[in-house]
Amino acid sequence: VGHGSSLPCSHFPTRDPYAMSDLRVHPAIEAVVNSAAEGSSVSPGDFWKSFQEIVADMGPRVAAALRQRDAMQALIDAWLLERSGKIDAQEYEQFLKSIGYLVPEGQPFKVDTANVDIEIGSLAGPQLVCPVDNARFALNAANARWGSLYDALYGFDVISEEGGATRARQYNKVRGKKVEEWAENLLSEIFPLQSGTYSQVTKFAVANNSLSCTLESGSATGLKDDAAFVGYNMKGDALSEVVLRNNGLHMIIQIDSSDAVGKEHRAGVKGVVLEGALSAIMDCEDSVAAVDAEDKAKIYGNWVGLMKGSLVTKFQKGSQTMERGMNADRTYIARDGSTASLHGRALLLVRNVGHHMYTDAVTYKNKDVPEGFLDAMVTVLAASHDLKAKKNSRTGSIYIVKPKMHGPAEVALTCELFGRVEQALKLPTNTVKIGIMDEERRTTVNLMECIRAAKNRVFFINTGFLDRTGDDIHTSMLWAPAAPKGEIKASKWIKAYEDWNVDCGLAAGLPGHAQIGKGMWAIPDEMGRMLVEKIGHPKAGANTAWVPSPTAAVLHSIHYHRVSVASVQQQLSSRQRASLKDILTPALLDRTLSKEEIEREIQNNAQGILGYVVRWIDSGVGCSKVPDISNVGLMEDRATLRISSQHLASWLHHGVCSEEDIEAALKKMAAVVDGQNSKDPLYRPLAPACDGIAFQAARALIYEGTAVPNGYTEFALHKFRRQAKAARQTKL
């Protein structure tokens, strides 16, 4: 499957209001655009007229960029093949320059992205990523700006279950006491008192516009840093909330002596609320399974609802029907007596698909159109409603994360696309900002020039080490077999890549204008481990990092209280940039593996592929917690699939394993995956037949891995998901 290839166009009903042009629009997409256009500055007719012009003008250039990707990979493959794995690093770098893979770096510069929100330019904190095809998840992410520290501690493994502190549905007072102690220790660490600790406080009060705490001794004390107290709330005559701030982030002590928890606490504290996810990416890409017009319309419809503030979802919780919408802003009484507010929701960003994706939801001259064009037009049209309401961006910006760009020319192409969208939708220039996913090697090695190409629009650069690893394996496919996956994580190119991203971001002046981001914590049940390890991201100079859940956002926010990212960035700004040579040195197998090591690695990959693919193909779930071979739940999306499929393709190509070895592993792991999904009543087993559509998809991902452009998994997934949907429709 090559770039720009597509599946047969889906059937369009006779009623087609745009048939007089060369554009044909599926009714599901037509309906959602009509909804988004209502109340905007453009009519649906003008929208589609502009869209057709963009496709006609820019479509050939996207196709040319994709051909250039393939041509460059072919040149690299040929060069590596000639040298039979004996590569001189300096010669390799010169070769990459000679083919235009490495471009010259220009003079130093600084970005000047304007009108960014404080969550982008000033504050450091967690970033959620959420599939926008699920309305409930999307609302949970939007509302994850605030979360209960007590709930996060009680429900996860940060606190041990020793001494009777077990997690149970019915409230366990022993565990509850440990939660209170942990929270009080955190408060004493982040907001220390002039004397004593929070575990000794028997009463909170506001006196002389400052926080006053009465200790068990009867003495009164206050905060060491009086400025950390920013406000409070009252319930009648009683203090109900104390609002504190550190490193720009807020914590709220909630007080209610009539509450079931509060009445057991010496000072009536019923909880501590933390500012969690400052921003959330609503994902139209890797974490969704959107293969046709109906799928895309569902995604767009939810995004329209989020941007209009109208998205509501109902769900069952026990015997009750619950309704969820978007949270309101929080208000409090400032120290001067005025009413102040805190944003009640995460700043919402949206991730569009990459340039390599095409869709038949709209066709131009009977050919599929670049899906990224449709994403840009529809998501910006939807977000234009917020430019008036300013419930999301208070500065009048629209934030689009653009994945899988290869080098500065493709970044420039995206910026031009955004400019055309702004013209079409009558928006000011540079309203639409771009988040650059640093997840393809040609973008990494040319990152300074990629940033320069977007210097008026860039709002974030983010290392996506999972996709980046998949691209590294594919780019170096003919060099030598990839090292075992565990060894790749510890390879020198990974560290150099992570440091390089920060170094380039600081050199280009991103602080104050844009985020420098790090990747996902992929083990959502191991919050204790996350609390220990993920502090490495702010310590590395990143002012945001991805988390898989609202709970993870609450706990990860603690790291940004403990680390001043602004100070770290200032310290790092003078260090020497990471080594390009290290970045260009792939993690390759340099030893002879035992039969047991090979078998274990193959089975690990096979299980991961099947566990993810069966949900994608059969259920249309693009991101979920998938048990690994050791039954540890991991958040999986297409990026992890890309690594596993490319890894097996590499080993198969170089003869580390045979096709028979892979087939045996797939069949053995099919039974394992079936067992892991046995409690799902809708699950369709892979084994013993091992010939279903999902199993075929897994095989294709491996055996076509060397030929598929850049090792992308989307082409196979879309093909087989559509087959599965068609087969199900036939049965109905």
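Provided above is the structure to which this section pertains.
In this text, all values refer to a predicted model and were calculated from it rather than measured experimentally. (Residues numbered from 1 in each chain as written. Predicted model: local features only at pLDDT ≥ 70, side-chain atom pairs only at ≥ 80, totals over all residues. Heavy atoms only, no water.)

Undergrad: I'd like a description of the overall build of the protein, backed by residues and values.
TA: Each helix and strand in the protein was counted, giving 26 helices and 25 strands. Its C-alpha radius of gyration of 26 Å places the protein within 12% of the 27 Å reference for a compact globule of 732 residues. Taking the principal axes of the C-alpha coordinates as reference, the protein spans close to 80 × 65 × 60 Å. Across the 732 residues that make up the protein, the buried fraction comes to 59%. Within the protein, contacts between residues at least 6 apart in sequence are counted, and of these 73% link residues at least 24 apart. (Helix = DSSP H or I, 4+ residues; strand = E, 2+ residues; numbered from the N terminus. Rg over C-alpha atoms; globule rule 2.2 N^0.38 Å. Buried < 20%, exposed > 50% of the residue type's maximum accessible area, 1.4 Å probe, protein only. Contact = heavy atoms within 4.5 Å.)

Undergrad: Run through the side chain of H559, naming residues and quoting values.
TA: Relative to the elements of secondary structure, H559 occurs in helix α19 (residues 550–562). Polar side-chain contacts of H559 include one of 2.8 Å to the backbone oxygen of L531. Polar side-chain contacts of H559 include one of 2.8 Å to the side chain of H556. Residues in contact with H559, not counting those within four places in the same chain, are M530, L531, K534, I535 and P538. (Polar contact = N/O pair within 3.5 Å; in protein donor to acceptor, adjacent residues only side chain to side chain.)

Undergrad: Break down the layout of surface pockets for me, citing the residues and quoting the values.
TA: Counted as a void, the second largest pocket has a volume near 1,400 Å³. Together, 44 residues line the second largest pocket, and F465, L466, K489, M520 and A522 are the ones closest to its centre. Broken down by element, the lining of the second largest pocket gets its largest block of residues, seven residues, from helix α22 (residues 595–619). In the lining of the second largest pocket, the residues fall into 20 nonpolar, eleven polar and 13 charged. (1 Å grid on protein atoms, 1.4 Å probe; cavity = no way out; pocket = protein on both sides within 12 Å on 5 of 7 lines; lining within 4 Å. Points joined across faces, edges and corners; volume = space filled by probe spheres on them. Nonpolar A, V, L, I, M, F, W, Y, C, P; charged D, E, K, R; others polar.)

Undergrad: So what about the sheet that holds strand β5 (residues 210–215)? Which residues, and what values?
TA: The sheet built from three strands is open, its strands ordered β4-β5-β6 with antiparallel pairing. In this open sheet, the two edge strands, each paired with only one partner strand, are β4 (201–207) and β6 (220–221). As paired elements, β4 and β5 share six bridges and run antiparallel to each other. By the bridge assignment, A205 is partnered in β5 with S212. (Pairing = 2+ DSSP bridges.)

Undergrad: Quick rundown of the environment of K203? Include the residues and the values.
TA: Mapping K203 onto the fold places it in strand β4. Separated by 478 residues in sequence, K203 and P681 have C-alpha atoms that sit 52 Å apart. Other than its neighbours up to four places away in sequence, K203 contacts S212, C213, T214 and A267.

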